[in-house]
Amino acid sequence: MYKVVLFDLDGTLIDPKLGIINSVTYALNKYNIKVKDNSELLKFIGPPLVSSFQLFYNFSKEKAIEATNYYRQYYKEKGINENTLYEGVIDILSYLHDNGYVIGLATSKPEVFARHILLHYDILQYFDVIAGATLDGKISEKEQVIELALTKLSNYSHNEIIMVGDRFYDINGAKHHNLDSIGVLYGYGSIDEFKEANATYIINSIDKLKDILTKKDN
């Protein structure tokens, strides 16, 4: 029986597209890099920023860290509010809360930004545990963030915890810690990547989480 539900943030609870695209564009402009089609930047949604700048633009680690700092300059001022809450999120959080589940957040976004967003959408009160990346980069990868969350959930066994996310990073991070996982298709992932990563469940809407939890209870 699952007792704890861990959520990713970007692409799972909120659609962060506009804020992330604008923040990446701002950072790339510092290097005179112009992007013709903003949809090319959607790949930045999900993975840690430093890794993304290295992978997608062949930046050195030092340059990627610098670019991430530029990104955060814009994000802190404007991008943090350039997102929307997915339909059904408040309903599922309310359902979980009312039915005694522990609700956690495990995001590669810096925790300080994540808390701001949860507060902005008036859903912070639903979360018992919040684990995010650190601004110094020491914690950034998904498995690291999940590990941080698990240290706050030491009273629960791993088979009582399930991770919900929209990218294979979430699924692989969960697998690294022997957690079951749910891939959501309304975000920025695909059914192929979830199947390849061996997600425990794949759903196309957040309300389907109720069916999984009910099935597990029985």
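This text goes with the structure placed above it.
Assigned secondary structure in the protein chain consists of nine helices and eight strands. In terms of overall size, the protein chain behaves like a compact globule, its C-alpha atoms giving a radius of gyration of 17 Å where 218 residues would be expected to give roughly 17 Å. In terms of overall dimensions, the protein chain has a C-alpha envelope of 55 × 35 × 30 Å along the principal axes. When the 218 residues of the protein chain are sorted by exposure, 49% land in the buried category. Put simply, of all contacts in the protein chain between residues at least 6 apart along the chain, 65% involve residues at least 24 apart. In the form shown here, the protein chain has an accessible surface area of approximately 10,500 Å², with 47% of it arising from carbon and sulfur atoms. Once the 23 positive and 29 negative side-chain charges of the protein chain are each reduced to a mean point, those two points are 5 Å apart.

Mapping S39 onto the fold places it in the loop between α1 (17-29) and α2 (49-57). We classify S39 as partly exposed; its relative accessible area is 40%. Expressed as a C-alpha distance, the spacing of S39 and E141, which sit 102 residues apart in the sequence, is 24 Å. At 2.8 Å, the side chain of S39 forms a polar contact with the side chain of D37.

Counting 49 residues, the largest nonpolar core has F7 and F127 as its most contacted members. Sort the elements by how many residues they give to this core and α1 lands first, with five residues. Within the second largest apolar cluster, 15 residues are counted, among which are V4, A106, V145 and A174.

So, on to a nonpolar patch on the surface. A surface patch of nonpolar side chains, about 200 Å² in accessible area, is lined by L185, I191 and I202. Position of L185 relative to the elements: it lies in the loop between β7 (180-184) and α8 (191-196). Given the relative accessible area of 31%, L185 is considered partly exposed.

The next subject is a negative patch on the surface. On the surface, E87, D91, D207 and D211 cluster together into a negatively charged patch. Tracing the sequence through the fold places D91 in helix α4 (residues 89-98). For D91, a relative accessible area of 56% corresponds to the exposed category.

Another point: the layout of surface pockets. Of the pockets and cavities examined, the largest pocket occupies roughly 480 Å³. Taken together, 32 residues form the lining of the largest pocket, with P48, L49, V50, R72 and S108 sitting closest to its centre. At the level of secondary structure, the elements contributing two or more residues to the lining of the largest pocket comprise α2, α3 (61-77) and β4 (102-110). Looking at which element gives the most residues to the lining of the largest pocket, the answer is α3, with seven residues. Across the lining of the largest pocket, the residue classes break down as 15 nonpolar, ten polar and seven charged.

What follows is about the pairing of strand β5 (residues 129-133). Counting buried residues in β5 gives five out of five residues, a clear majority hidden from the surface. Pairing geometry for β4 and β5, over four bridges, is parallel. Directly across from G104, in β5, lies its bridge partner V129. In this region the chain leaves β4, passes through helix α5 (residues 111-120) and returns to the parallel neighbour β5; the handedness of that crossover is right-handed.

Moving on: the packing of aromatic side chains. The full count for this structure, using the stated rule, is twelve aromatic pairs. An aromatic cluster of at least three residues, connected via ring pairs, comprises Y31, F44, F53, F56, Y57, F59 and Y70. Positioned above the aromatic ring of F59, the side-chain terminus of K63 is 4.4 Å from the ring centre. Sitting over the ring of Y95, K210 keeps its end group 5.0 Å from the ring centre.

The rules we used
- Once a new chain begins, its residue numbering starts again from 1 and follows that chain's sequence as written.
- Local features in this predicted model are restricted to residues whose pLDDT is 70 or higher, and side-chain atom pairs enter the listing and the counts only when it is 80 or higher, whereas totals over whole chains, interfaces and linings include all residues.
- Computation of side-chain values: all heavy atoms of the structure, hydrogens and water removed.
- Runs of E in the DSSP output that reach at least two residues are strands. Runs of H or I that reach at least four are helices, and both are numbered from the N terminus.
- Put simply, the radius of gyration uses C-alpha atoms, and a globule should come to 2.2 Å times the residue count raised to 0.38.
- Remark: exposure states derive from per-residue accessible area (1.4 Å probe, protein chains only) relative to the maximum for the residue type, with buried under 20%, exposed over 50%, and partly exposed in between.
- Working rule for contacts: check all heavy atoms of both residues, and any pair within 4.5 Å makes them a contact.
- Every accessible area reported is derived by Shrake-Rupley at a probe size of 1.4 Å, with residue values counting cover from the shown protein chains alone.
- Charge assignment: positive for Lys and Arg, negative for Asp and Glu; neither His nor the chain ends contribute.
- Lysine's charge is taken at NZ, arginine's at CZ, aspartate's at CG and glutamate's at CD.
- Polar contacts, as counted here, are pairs of nitrogen or oxygen atoms within 3.5 Å of one another; within protein the pair requires one atom able to donate a hydrogen and one able to accept it, and residues that are adjacent in sequence qualify only if both atoms are side-chain atoms.
- Here the nonpolar core consists of buried residues drawn from Ala, Val, Leu, Ile, Met, Phe, Trp, Tyr and Cys, with membership extended through side-chain atoms lying within 4.5 Å.
- Residues enter patches when they are more than 30% accessible in relative terms and free of salt bridges; like-charged ones are connected within 9 Å and nonpolar ones (Val, Leu, Ile, Met, Phe, Trp, Tyr) within 5 Å.
- Salt bridge, as applied in this entry: a Lys or Arg side-chain nitrogen positioned within 4 Å of an Asp or Glu carboxyl oxygen.
- Method remark: on a 1 Å grid restricted to protein atoms, a set of points is classed as a cavity if a 1.4 Å probe fits but cannot get out and as a pocket if it is open with protein on both sides within 12 Å along at least five of seven lines; lining residues have an atom within 4 Å of a point.
- Grid points are joined across faces, edges and corners, and a volume is the space filled by probe spheres set on the points.
- Polarity classes work like this: nonpolar for Ala, Val, Leu, Ile, Met, Phe, Trp, Tyr, Cys and Pro, charged for Asp, Glu, Lys and Arg, and polar for all others, with Gly in that last group.
- Only when DSSP finds a minimum of two bridges between them are two strands counted as paired.
- A crossover gets the label right-handed when its path from the first strand over the helix to the second runs clockwise, viewed with the strands pointing away from the viewer.
- Two rings from Phe, Tyr or Trp (for Trp, the six-membered ring) form a pair when their centres sit within 6.5 Å of each other. Planes less than 30 degrees apart are called stacked, planes more than 60 degrees apart edge-to-face, and all others tilted.
- Over a ring means this: the NZ of a Lys or the CZ of an Arg is within 6 Å of the ring centre and within 35 degrees of the ring normal.

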